[in-house]
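Listed here are the chains, written in short residue letters.
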Amino acid sequence: MRHLSRGAGSVIGLLVLLWSQTAHAATITVTTAGDDLTPNNGSVSLREAMTAINAGNNLGDPDIIAHTVGAFGTNDTINFNIAGAGVKTINVGSDASASGIALPTMTKPRTINGYTQGVASVNTLANGDNAVILIELNGTSAGNGSNGLTLGTGSGGSTITGLAINRFTSNGLVVQSNGNTISGNFIGTNPAGTTRMPNGTFPNSGDGILIQNASNNVIGTPATADRNVISGNALGGIHIAGTLTTPASGNIIQGNFVGVGKDGVSSVGNRTEPAPAPGAAEGNNLYGIEISGANNNTVGGTTAGARNIVALNADGIAIDNGGQGNLIQGNFAGVGANGVTPVGNLLHGIALRSSNGFSAPLGPPQPNEPGVSFNLIGGTAAGAGNLVEFNGTGGIAVFGNPVSASGQPNLDNAIQGNSFFENGRSNASPAPLGIDLTNQFVYPKDDGVTPNDSNGHGAPNDPNNFQNFPVLTTATSSGGMTNIAGTLSSDPNSTFRIEFFASDPDPLGLPAEGEEFLGFTNGSTDASGNVSFNVSLNVPVANGRVVTATATEAAGNTSEFSTGIVVPTQAPTPTPTPTPTPTATPTPTPASTSTPTPTPTATPTPPPTDALNLSTRARVDLGDRVVIGGFIITGNAPKKVVVRGLGPSLTRFNLSGVLLDPVLELRQANGSLILRTDNWKDNQRAQIEGSVYQPTDDRESVILATLQPAAYTATLSGKDQTTGIGTVEVYDNDQEADSQLANISTRGFVQTGDNVMIGGFMLGLGSSNVQVAVRGLGPSLSQFGLSSVLADPTLELHDSNGATLAANDDWLSDPVSAAQLTANGLALPDSKESGIFTSLPPGAFTAILAGKNGGVGIGLVEIYNLH
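Here is a short report on the structure shown in this document. (Residues numbered from 1 in each chain as written. Predicted model: local features only at pLDDT ≥ 70, side-chain atom pairs only at ≥ 80, totals over all residues. Heavy atoms only, no water.)

Moving on, we come to the overall build of the chain. Within the chain one finds five helices and 54 strands. Within the chain, counting contacts between residues at least 6 apart in sequence, those at least 24 apart form 76% of the total. For the chain, the exposed area adds up to about 30,400 Å²; of that, 54% sits on carbon and sulfur atoms. (Helix = DSSP H or I, 4+ residues; strand = E, 2+ residues; numbered from the N terminus. Contact = heavy atoms within 4.5 Å. Areas by Shrake-Rupley, 256 points an atom, 1.4 Å probe, with all protein chains shown as cover.)

What follows is the structure, encoded as structure tokens:
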């Protein structure tokens, strides 16, 4: 077949090209930890292998010839096979043949693979690093101004992996070519990734990785095997440096630990440099990740694997010297890889600043320094938000550009969808902010709140044009929805994205930040520059939390946070975690295997009630230890009710160990099943979706039912025998009907801490007080065939602010309350059981059932609303 189609010829040509590239590549094996350049001495050093690849030949050295496979060409490889166990340290510059001389700059592409040595292995952990690195480059003897490795002109397309690089007087690894991959290395630490061994000489040098006027390089990837640990260096961890005339763009930094050790949560030692805080816990001495004058680079991403952990540095992530168009997404700045451990950066989590006016190491600037502009911090896509927590000063600070010859302000920097929590831990005045637009002080000092329109707009020194923040007027939460109203005054006839956040009150009393992103609305100002907004978000916010907001105009300028406004009520689930909890935590009794009793216990039928909803939170276990909520409908007409079983969404109350996939059953008093549902979309989706009763997680359960006056039970369990903290809720969905929700009696396994039982209820639409009885049962439950009952229950009644209104251990210890309980037919069967009788105004309340002295067991809490 002599004639081929053009397509077939192209395929054959491609195969020939691939064969040619494969054939023209050499693999050299390094056999000694020595750093000699001595031919024919029986071994091959790393220096000799690098020199040979630069030359494109074997240097006529019999040793290189003996330890080389393939022909020198494109993308040659350096592997390692040095005899003996343990780490092999190459003391660069220590041999007489290369005394005080750094390793040669690489001028051709290559792969240097330290993982080929012995039992070295790549990382396999998601939130830690268990890589075994056995090749160490020690720069102590390499001479002044030496870098560990330098990828020079012509080396583009190289891969450096599996090395520990430390103690060089300049930088660990310098990248001056395009398209390289740096993965799976420890830079600035010992080979164990636990102790700092800094590269650099403060204040003139000392980056772990310096990308110098180069583009499209990859530092780590979302794959766990590619994680770099870059900590302990004298200046920065990763530094991308470019200018208008020599750009550095398209570089991607993902999946790295920058400032923490290999466990993702620990320091690698203490700072020895004279600034900024000698003796403090060390990450990298100045910046974790710094982008200087470089454009269109990416730090992080929207997946968990792409996030960088940037902690214990002076500043976490910095964009300076005119860096523009960079994307900072999904990173943890100031919190460990587990998302919990505080490892704050000394100053900011993220800082955007100008370099003009500074000498090394904070400057000098490039000529005619442009503004730091058009950068996106976070974003609107799922997973784009950065977690910015526990940092010493502001969470994110945008500084002014006061002296740039270009006259370009630092503006159009969008800050969207991030989470800010407990920043400002080391700075009292001015009070640091989650987002600070600052120009009153020289970097790094923030200036605190900038009141709307107080500093003007449009000047070169106005960071983000001092975009005004919204003014919130109300924030209420009810039925799984949160309503927020307010105003914004800004540029006329313009559209703004207004984002809303909820935070717990700051324990130091600092201004509210934005711990939990709630959602957003778009608003357009009128000709006078004003817009009002009133938005309902499909997410509840607990009583006492603080709501804040930011505004971002179409060009990207984001404001500081608004003044916070406290949510006065919590609905639909008035079950905040109680402050007083038992301290002892004994081992729980083994789970029973018997079938749960549908009705928690016999309860008297109380008079009509004005209760609007009733809920109980408890530990959902197996067998008899599932949660069973009993309720009674009294009156003359059918009652529309909503029953919900929640689990995953309880994490918003900072609970761990929640029930991940609740299953809900509604039964009649005789045990016959009315409806069983797993995920709320499986049944009655059309009636639930978009209503106030729609859960925030698809795995949660909802049942809508119209029930005749009678007793019912709702059983909450975990799918596939899973366990965890869950909530069962019952709502009156027809308050006009001639019938009432009378009481809820919930049985579950009472433990300690977050696993006590919490019964929540809301009273009133009227203005008068009503009489309420709350009972806590344990010992008497044994009459229903239950074992491992709560031997000595205790009760506490709290208002919506967490204040204790009443408490009881043995119900007869309070003669007045005991008399009232007895008069209403609610005397407790056992003297160790607890009871409270009181009068309450309309509002939200919680009853906490626990075991005396940390006791655990099956218990039951009952709540009655009596006239």
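Next comes the rest of the write-up.
Bringing the sheet that holds strand β33 (residues 481-489) into the picture now. Ordered by their spatial adjacency, three strands build an open sheet running β32-β33-β36, and the pairing between neighbours is antiparallel. A single partner strand is all that each edge strand has here, and the edge strands are β32 (471-478) and β36 (530-537). Neighbour-to-neighbour, the strand axes of the sheet open up by a mean angle of 10°, direction not taken into account. Note that β32 and β33 share seven bridges and pair antiparallel. Bridged to Thr476 within β33 is Asn483. (Pairing = 2+ DSSP bridges. Axes fitted to C-alpha atoms, helices over the stretch in contact; angles between N-to-C directions.)

Note on placement: Lys852 falls in the loop between β53 (843-851) and β54 (857-866). C-alpha of Lys852 to C-alpha of Leu795: the two residues are 57 residues apart in sequence and 9.5 Å apart in space. Setting aside residues up to four positions removed in sequence, Lys852 forms contacts with Asp792, Thr794 and Asp809.

Evaluated as defined, the whole model comprises seven aromatic pairs. Here the aromatic residues Phe420, Phe501, Phe517 and Phe561 are joined through ring pairs into a cluster of three or more. Over the ring of Tyr443 we find Arg353, and its NZ or CZ is 4.7 Å from the ring centre. In this structure, Lys445 packs its charged tip against the face of Phe441, placed 5.3 Å from the ring centre. (Phe/Tyr/Trp six-rings, centres within 6.5 Å; stacked < 30°, edge-to-face > 60°. Lys NZ or Arg CZ within 6 Å of the ring centre and 35° of its normal.)

What follows deals with the nonpolar core. Ranked by internal contacts, the top residues of the largest apolar core, which has 64 residues, are Phe80 and Leu149. The greatest single-element share of this core, amounting to five residues, is contributed by helix α2 (residues 46-55). Beyond its immediate stretch of four places on either side in the chain, Phe80 contacts Thr29, Val30, Leu46, Ile90, Ile112, Asn113, Gly114, Thr116, Gln117, Ile135 and Leu163. Of all hydrophobic cores here, the second largest spans 34 residues; its members include Ala618, Phe631, Val643 and Leu707. (Core = buried A, V, L, I, M, F, W, Y, C linked by side-chain atoms within 4.5 Å. Buried < 20%, exposed > 50% of the residue type's maximum accessible area, 1.4 Å probe, protein only.)

Now for the layout of surface pockets. Reported here for the largest pocket is a volume of approximately 980 Å³. Looking at the largest pocket, it is lined by 33 residues, and the ones nearest its centre are Leu387, Ser419, Glu515, Glu516 and Phe517. Among the secondary structure elements, those contributing two or more residues to the lining of the largest pocket are β27 (387-389), β30 (419-421) and β35 (516-524). Across the lining of the largest pocket, the residue classes tally to 11 nonpolar, 15 polar and seven charged. (1 Å grid on protein atoms, 1.4 Å probe; cavity = no way out; pocket = protein on both sides within 12 Å on 5 of 7 lines; lining within 4 Å. Points joined across faces, edges and corners; volume = space filled by probe spheres on them. Nonpolar A, V, L, I, M, F, W, Y, C, P; charged D, E, K, R; others polar.)

Attention now goes to the side chain of Ser490. Mapped onto the elements, Ser490 comes out in the loop between β33 and β34 (495-503). On the basis of relative accessibility, which here comes to 17%, the residue Ser490 falls in the buried class. Within polar-contact distance, the side chain of Ser490 engages the side chain of Gln467 at 3.1 Å. (Polar contact = N/O pair within 3.5 Å; in protein donor to acceptor, adjacent residues only side chain to side chain.)

Pairing is possible between side chains that carry opposite charge, provided their charged atoms lie close to one another. Summed over the entire model, instances satisfying the criterion amount to 17 salt bridges. Close ionic contact of Lys719 with Asp678 constitutes a salt bridge, the shortest N to O distance being 3.0 Å. Note that Lys719 is positioned in the loop between β45 (711-718) and β46 (724-732) and Asp678 in the loop between β43 (673-677) and α4 (685-688), a separation of 41 residues in sequence. By relative accessible area, which is 12% here, Asp678 ends up buried. Put simply, Asp697 and Arg699 hold a salt bridge, and the shortest N to O gap is 2.9 Å. Each of the salt bridges in this network shares a partner with another, and the network as a whole consists of Arg196, Arg271, Glu273 and Glu282. (Salt bridge = Lys/Arg side-chain N within 4 Å of Asp/Glu carboxyl O.)

Another point: the environment of Val546. The topology assignment puts Val546 in strand β37 (residues 546-553). Sequence spacing of Val546 and Asp506 is 40 residues, and the spatial spacing of their C-alpha atoms is 9.4 Å. The residues touching Val546, leaving out its near neighbours within four places in the chain, are Phe501, Ala502, Ser503, Pro505, Ala512, Gly564, Ile565 and Val566.

For helix α5 (residues 815-823), the set of buried residues is Ser817, Ala818 and Leu821. The arc that holds every buried residue of α5, seen down its axis, measures 100°, which confines them to one face. Seen from the buried face of α5, the exposed residues on the opposite side, beyond 90 degrees, are Pro815, Val816 and Ala823. Along its buried surface, α5 packs onto β49 (770-777) and β52 (834-840). (Arc of directions from axis to C-beta.)

One open sheet holds the 12 strands; their spatial order is β2-β1-β3-β5-β8-β11-β14-β17-β20-β23-β26-β29, and the pairing between them is mixed. The open sheet terminates on both sides in strands that have one partner only, identified here as β2 (68-69) and β29 (414-416).

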